[in-house]
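# Report on the structure
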Amino acid sequence: MPPIVNFRTARENCPECGKKLKVQKTDTKIIYSLHIGKVIAHQTFLHCDSCTCSDVYFSEELNNLVPKHCNFSYDVLVYVG
C-alpha cells in the first residue's frame, strides 16, 4: 500500500473578508514520481462561504509537484520528454 500524503493550502483566512476558510471538498489521486515512487495524495480544497468571492484554494505544494489533471510528477515528465 503506498503512503498517503495530505496536501492543504497554507492560506487560512479569506483575503477579501478575513473570515476563516472552510472545507469545500477533499479529493485523492495517485501520483507517480521518480524520487518518491507511488504516493496517494489527499488534497483538501478550501473556500469562503461568508463573502461573495467564489475562489477555491488548493495546495500550492501539490501544484508544484504535479500538474493539474496529471498523475505523473514534473520529474517524470522531464525524464520522458
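Our structure is the block above this text.
Just so it is clear, the model here is predicted, and its values are computed rather than measured. (Residues numbered from 1 in each chain as written. Predicted model: local features only at pLDDT ≥ 70, side-chain atom pairs only at ≥ 80, totals over all residues. Heavy atoms only, no water.)

## Looking at the overall build of the protein
Along its length, the protein carries two helices and four strands. At 15 Å, the protein has a C-alpha radius of gyration far larger than the 12 Å of a compact globule built from 81 residues. If one aligns the C-alpha atoms of the protein with their principal axes, the spans along those axes are about 45 × 30 × 15 Å. Counting across all 81 residues of the protein, residues that qualify as buried make up 30%. Put simply, of all contacts in the protein between residues at least 6 apart along the chain, 53% involve residues at least 24 apart. Split by element, the accessible area of the protein, about 5,700 Å² in all, is 53% carbon and sulfur. Once the 9 positive and 8 negative side-chain charges of the protein are each reduced to a mean point, those two points are 5 Å apart. (Helix = DSSP H or I, 4+ residues; strand = E, 2+ residues; numbered from the N terminus. Rg over C-alpha atoms; globule rule 2.2 N^0.38 Å. Buried < 20%, exposed > 50% of the residue type's maximum accessible area, 1.4 Å probe, protein only. Contact = heavy atoms within 4.5 Å. Areas by Shrake-Rupley, 256 points an atom, 1.4 Å probe, with all protein chains shown as cover. Lys, Arg positive; Asp, Glu negative; His and termini not counted. Charge placed at Lys NZ, Arg CZ, Asp CG, Glu CD.)

## Remarks on the pairing of strand E3 (residues 37-47)
Where strand E1 (residues 4-8) meets E3, five bridges bridge the pair, whose relative direction is parallel. The residue bridging Val5 from the neighbouring strand is Ala41, located in E3. Between strand E2 (residues 22-33) and E3, which follow one another and run antiparallel, lie three residues. (Pairing = 2+ DSSP bridges.)

## Here's the deal with the side chain of Ser33
You can see Ser33 is positioned in strand E2. In this structure, Ser33 is in contact with Ser73, Asp75 and Val76, ignoring residues within four places of it in sequence.

## Thoughts on the side chain of Gln43
Tracing the backbone shows Gln43 in strand E3. A distance of 3.1 Å separates a polar atom in the side chain of Gln43 from the backbone nitrogen of Ser59. With residues near it in sequence (within four places) discarded, Gln43 still touches Phe7, Lys25, Thr26, Asp27, Phe58, Ser59 and Leu62. (Polar contact = N/O pair within 3.5 Å; in protein donor to acceptor, adjacent residues only side chain to side chain.)

## A look at the state of the cysteines
Per the counting criterion, the structure on display carries zero disulfides. With no disulfide of its own, Cys17 lies 3.6 Å from the sulfur of Cys48, the closest cysteine sulfur. The partly exposed category is assigned to Cys17, whose relative accessible area is 34%. By relative accessible area, Cys48 is classed as buried at 5%. (Disulfide = S-S within 2.5 Å.)

## Here we look at the environment of Ala10
Its location among the elements puts Ala10 in the loop between E1 and E2. Among the residues examined, Ala10 registers a relative accessible area of 68% and is labelled exposed.

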